[in-house]
Amino acid sequence: MAREVAKSENHTSPKPSPSPSPLRFSKFFQSNMRILVTGGAGFIGSHLVDKLMENEKNEVIVADNYFTGSKDNLKKWIGHPRFELIRHDVTEPLLVEVDQIYHLACPASPIFYKYNPVKTIKTNVIGTLNMLGLAKRVGARILLTSTSEVYGDPLVHPQDESYWGNVNPIGVRSCYDEGKRVAETLMFDYHRQHGIEIRVARIFNTYGPRMNIDDGRVVSNFIAQAIRDEPLTVQAPGTQTRSFCYVSDMVDGLIRLMDGDHTGPINIGNPGHDAAPFQ
Ligand SMILES: O=c1ccn([C@@H]2O[C@H](COP(=O)(O)OP(=O)(O)O[C@H]3OC[C@@H](O)[C@H](O)[C@H]3O)[C@@H](O)[C@H]2O)c(=O)[nH]1
């Protein structure tokens, strides 16, 4: 796969990429692409798996500890010859022969990431280290799903990728925001130091089927309240805006980033369609 020519300080890659595993060329190697999706039992991960499985050349392995995800999201693939599901916590090392790694495993909504903040930061830091170690060992390309939260309480609107953010390092959300920031740093350090092929996506608000109904995010909250015929809860000040991206568009963006030539970081969301859901 072509590797981006280093143009800026961020993208300097002094070392050549590690060679892919010899297993990839063995006569027993049936599929063209073996892909690991961590967090593949979650909302975005399971839609990503659906899309990857549509391509008959892909073999997909999901590693998930089911903290917020569910086997139910993947039930149509269980037993499929090109699909494997592993109960695995990314804070522990994992060795599988793969060509690509989509690294999504992490609690994503405040209710869940604040539940055990030390575990959240371990998942981001040790989990990403483990996945980078795997990428280095088997010569895989790795994509991290980072987040718009790396911009913190932004002082610049809208935030483009060159903005470094305004993040509180000691707040109750820091385990997620700072965790993802360190994860991004690790990605770029492995790229510069070891020549690993990396991709970094910063994900904005995403909605669609299989969203966790009780995770406190605005779309799921409003839908759940409407179904229960309850009043919609509007948090102060009520003038906030968000842009919402449908999950299939998010998945297309992730696959195009993985298969393209740019490392990122790149914002993926709904550009320029800010909605004011609270007015
Ligand atoms: O330690 C953990 C925590 C979580 N997970 C899994 O990771 C998956 C995360 O899926 P969720 O549905 O909670 O979250 P989403 O799919 O919305 O967001 C996911 O992709 C976008 C990123 O910005 C988020 O950080 C990421 O978690 C779940 O299946 C969960 O079980 C792990 O495998 N290990």
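Structure report, in brief. Quantities reported herein were computed from a predicted structural model and do not represent experimental measurements.

1. Regarding the overall build of the chain
Part 1 of the reasoning: In terms of helices and strands, the chain carries six helices and nine strands.
Part 2 of the reasoning: Out of the 279 residues in the chain, the part that is buried amounts to 49%.
Part 3 of the reasoning: Counting contacts in the chain only where the partners sit at least 6 residues apart, residues at least 24 apart contribute 77% of the total.
Part 4 of the reasoning: As displayed, the chain offers around 14,400 Å² of accessible surface, 54% of which is attributable to carbon and sulfur atoms.

2. Brief notes about the packing of aromatic side chains
Part 1 of the reasoning: A complete count under the given rule lists six aromatic pairs for this structure.
Part 2 of the reasoning: Here F67 and F112 contribute two aromatic rings whose centre-to-centre distance is 6.0 Å and whose plane-to-plane angle is 80°, an arrangement assigned as edge-to-face. Remark: F112 occurs in helix α2 (residues 110-113) and F67 occurs in the loop between β2 (58-64) and β3 (83-87); sequence separation between them is 45 residues.
Part 3 of the reasoning: The exposure class assigned to F67 is partly exposed, which follows from its relative accessible area of 37%.
Part 4 of the reasoning: Three or more aromatic residues link up through ring pairs in this structure, and these residues are F67, F112 and Y115.

3. Describing the environment of Q159
Part 1 of the reasoning: In this fold, Q159 is placed in the loop between β5 (141-147) and α4 (174-194).
Part 2 of the reasoning: Distance from Q159 to I35, taken between C-alpha atoms, is 31 Å for residues 124 residues apart in sequence.
Part 3 of the reasoning: When near neighbours in sequence (up to four residues on either side) are disregarded, Q159 contacts Y151, P154, F204 and N267.
Part 4 of the reasoning: Within the structure, the side chain of Q159 is placed 3.0 Å from the backbone oxygen of V156, a separation counted as a polar contact.

4. Looking at the pattern of salt bridges
Part 1 of the reasoning: What the rule picks out here adds up to 10 salt bridges.
Part 2 of the reasoning: The partner of E149 in a salt bridge is R173, with the nearest N and O atoms 3.2 Å apart. Note that E149 is positioned in the loop between β5 and α4 and R173 in the loop between β5 and α4, a separation of 24 residues in sequence.
Part 3 of the reasoning: Overall, R173 belongs to the partly exposed group, its relative accessible area being 35%.
Part 4 of the reasoning: Residue R192 is joined to D189 by a salt bridge in which the shortest nitrogen-to-oxygen separation is 3.0 Å. One end of the pair, R192, and the other, D189, are both in helix α4, three residues apart, so they sit about a helical turn from each other.

Procedures and definitions
- Residues numbered from 1 in each chain as written.
- Predicted model: local features only at pLDDT ≥ 70, side-chain atom pairs only at ≥ 80, totals over all residues.
- Heavy atoms only, no water.
- Helix = DSSP H or I, 4+ residues; strand = E, 2+ residues; numbered from the N terminus.
- Buried < 20%, exposed > 50% of the residue type's maximum accessible area, 1.4 Å probe, protein only.
- Contact = heavy atoms within 4.5 Å.
- Areas by Shrake-Rupley, 256 points an atom, 1.4 Å probe, with all protein chains shown as cover.
- Phe/Tyr/Trp six-rings, centres within 6.5 Å; stacked < 30°, edge-to-face > 60°.
- Polar contact = N/O pair within 3.5 Å; in protein donor to acceptor, adjacent residues only side chain to side chain.
- Salt bridge = Lys/Arg side-chain N within 4 Å of Asp/Glu carboxyl O.

Everything listed here is a matter of coordinates, which is why it stays silent on function.
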